[in-house]
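Architecture at a glance
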Amino acid sequence: MIRNIITIDAEKCTGCGLCVAACHEGAIGLENGKAVLLREDYCDGLGDCLPACPTGAITFEKREAPAYDAAAVEAAKAKKAASCQCPGSQSRTLTPPEEGRQVRPGGQPSQLRQWPVQIKLAPVHAPYFDGAHLLIAADCTAYAYASFHEDFIRGKITLVGCPKLDGVDYSEKLTHILRDNAVRALTVVRMEVPCCGGLERAAVEALKASGKFIPWQVVTISTDGRILDR
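Residues numbered from 1 in each chain as written. Predicted model: local features only at pLDDT ≥ 70, side-chain atom pairs only at ≥ 80, totals over all residues. Heavy atoms only, no water.

Structural notes on empty space enclosed by the protein
Scanning the model with the defined rule gives 2 cavities of 30 Å³ or more in all. The computed volume of the largest cavity comes to approximately 100 Å³. A class-by-class count of the residues in the lining of the largest cavity yields 10 nonpolar, 2 polar and 3 charged. Lining the second largest cavity are 14 residues; nearest its centre among them are Cys13, Cys16, Cys19, Ala35 and Cys53. Looking at the lining of the second largest cavity, its residues break down into 10 nonpolar, 4 polar and no charged. (1 Å grid on protein atoms, 1.4 Å probe; cavity = no way out; pocket = protein on both sides within 12 Å on 5 of 7 lines; lining within 4 Å. Points joined across faces, edges and corners; volume = space filled by probe spheres on them. Nonpolar A, V, L, I, M, F, W, Y, C, P; charged D, E, K, R; others polar.)

As for the sheet that holds strand S10 (residues 216–221)
The strand order across the open sheet built from 5 strands is S8-S7-S9-S10-S11, with neighbouring strands paired in mixed fashion. Taken across any chain shown, the strands that pair with only one partner, and hence form the sheet edges, are strand S8 (157–161) and strand S11 (227–229). Within the sheet, the average angular offset between the axes of one strand and its neighbour, ignoring direction, is 25°. Relative to strand S9 (residues 185–191), strand S7 (residues 133–138) runs parallel, the two sharing 5 bridges. Across the sheet, the residue bridging to histidine 133 is alanine 185, located in S9. Strand contacts of helix H7 (residues 197–210): S7, S8, S9 and S10, with the helix running at about 165° to S9, the strand carrying the most contacts. (Pairing = 2+ DSSP bridges. Helix = DSSP H or I, 4+ residues; strand = E, 2+ residues; numbered from the N terminus. Axes fitted to C-alpha atoms, helices over the stretch in contact; angles between N-to-C directions. Contact = heavy atoms within 4.5 Å.)

Some points on the packing of aromatic side chains
All chains considered together, the criterion is met by 3 aromatic pairs. Between tyrosine 128 and phenylalanine 129, the aromatic rings sit 5.1 Å apart at their centres with planes inclined by 65°, giving edge-to-face as the arrangement. Of the two residues, tyrosine 128 and phenylalanine 129, neither departs from the other in class, the shared state being buried. Pairing tyrosine 145 with phenylalanine 152 gives two aromatic rings, centres 5.3 Å apart and planes at 65°, and the pair type is edge-to-face. Through successive ring pairs, a cluster of aromatic residues spans Tyr145, Phe148 and Phe152. (Phe/Tyr/Trp six-rings, centres within 6.5 Å; stacked < 30°, edge-to-face > 60°. Buried < 20%, exposed > 50% of the residue type's maximum accessible area, 1.4 Å probe, protein only.)

Here's the deal with the confidence of the model for the protein
Taken residue by residue, the protein gives an average pLDDT of 88. The fraction at 70 or more is 91%. Considering each helix and strand of the protein separately, the mean pLDDT is smallest for strand S5 (residues 92–93), with a value of 78, and largest for S7, with 97. (pLDDT = per-residue confidence, 0-100.)

A closer look at the layout of surface pockets
Of the volumes computed, that of the second largest pocket is approximately 240 Å³. If you go around the second largest pocket, the residues you meet are Leu112, Val117, Ala138, Asp139, Thr141, Ala142, Tyr143, Phe148, His149, Ile153, Thr158 and Val160. Of all the secondary structure elements, the ones that give two or more residues to the lining of the second largest pocket are helix H3 (141–144), helix H4 (148–153) and S8. Across the lining of the second largest pocket, the residue classes break down as 8 nonpolar, 3 polar and 1 charged.

Some thoughts on the state of the cysteines
Across all of its chains, the model carries 0 disulfides by this definition. The thiol of cysteine 19 is not disulfide-bonded; the next cysteine sulfur, from cysteine 13, is found 6.1 Å away. Its sulfur unpaired, cysteine 53 is 6.2 Å from the next cysteine sulfur, which belongs to cysteine 16. Using a relative accessible area of 16% as the deciding quantity, one classes cysteine 53 as buried. (Disulfide = S-S within 2.5 Å.)

Some remarks on the pattern of salt bridges
In the structure shown here, the tally under the stated rule is 10 salt bridges. Between arginine 190 and glutamate 200 there is a salt bridge; the shortest N-O distance is 2.9 Å. In this pair, arginine 190 is assigned in strand S9 and glutamate 200 in helix H7, connecting sequence segments 10 residues apart. Judged by relative accessible area, arginine 190 falls into the buried class, the value being 12%. The exposure class of glutamate 200 is partly exposed, given its relative accessible area of 23%. In this structure, aspartate 224 and arginine 226 form a salt bridge, with 3.1 Å as the shortest nitrogen-oxygen distance. (Salt bridge = Lys/Arg side-chain N within 4 Å of Asp/Glu carboxyl O.)

So this is what it looks like as structure tokens:
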């Protein structure tokens, strides 16, 4: 059939991954650092990915393509969700050292208060979200910033992710977490690189969609480990 479907200009694409996060159907992915249309029958032709692209690499074209297969999209989503149900994703509350846990002499104590930490794996209704100061951090920040546990994780519930590598839109899940739990504050820690803008965008969209009015801030870390903005 002839219908509207996206096309991606590889020369304009920077591989930021924002279009991947914006595509709720999973039609777009990253291959060799570039966005590609993985399956034509997953593209619904609505164009949520177009405004997400900062370089204008994505446009519509009308051409012969398979019809949009909503059932296949839902089946793929369900399969992906099921694949995440591993023993390591079981929700747990942890006890930081200041609340009684012993640390080996000379060691740096972990400040992590819960498990899992990946946004994709975290349960929406975990009890540790109630009354929490929520930290949403880009994966790389803990490696770039040496005192990440002490300066950011301490006293907070931590969720981490990478919009470029995970290939999902975090905003929907973060909206449920913020809307359905009594989160009292939000801090977003991101890297200075452009692709980290997807994490910030998802958190801001989730905060707006949740209808909650809570204190929030965004902290930007440089690739050499400095705080650039807070």
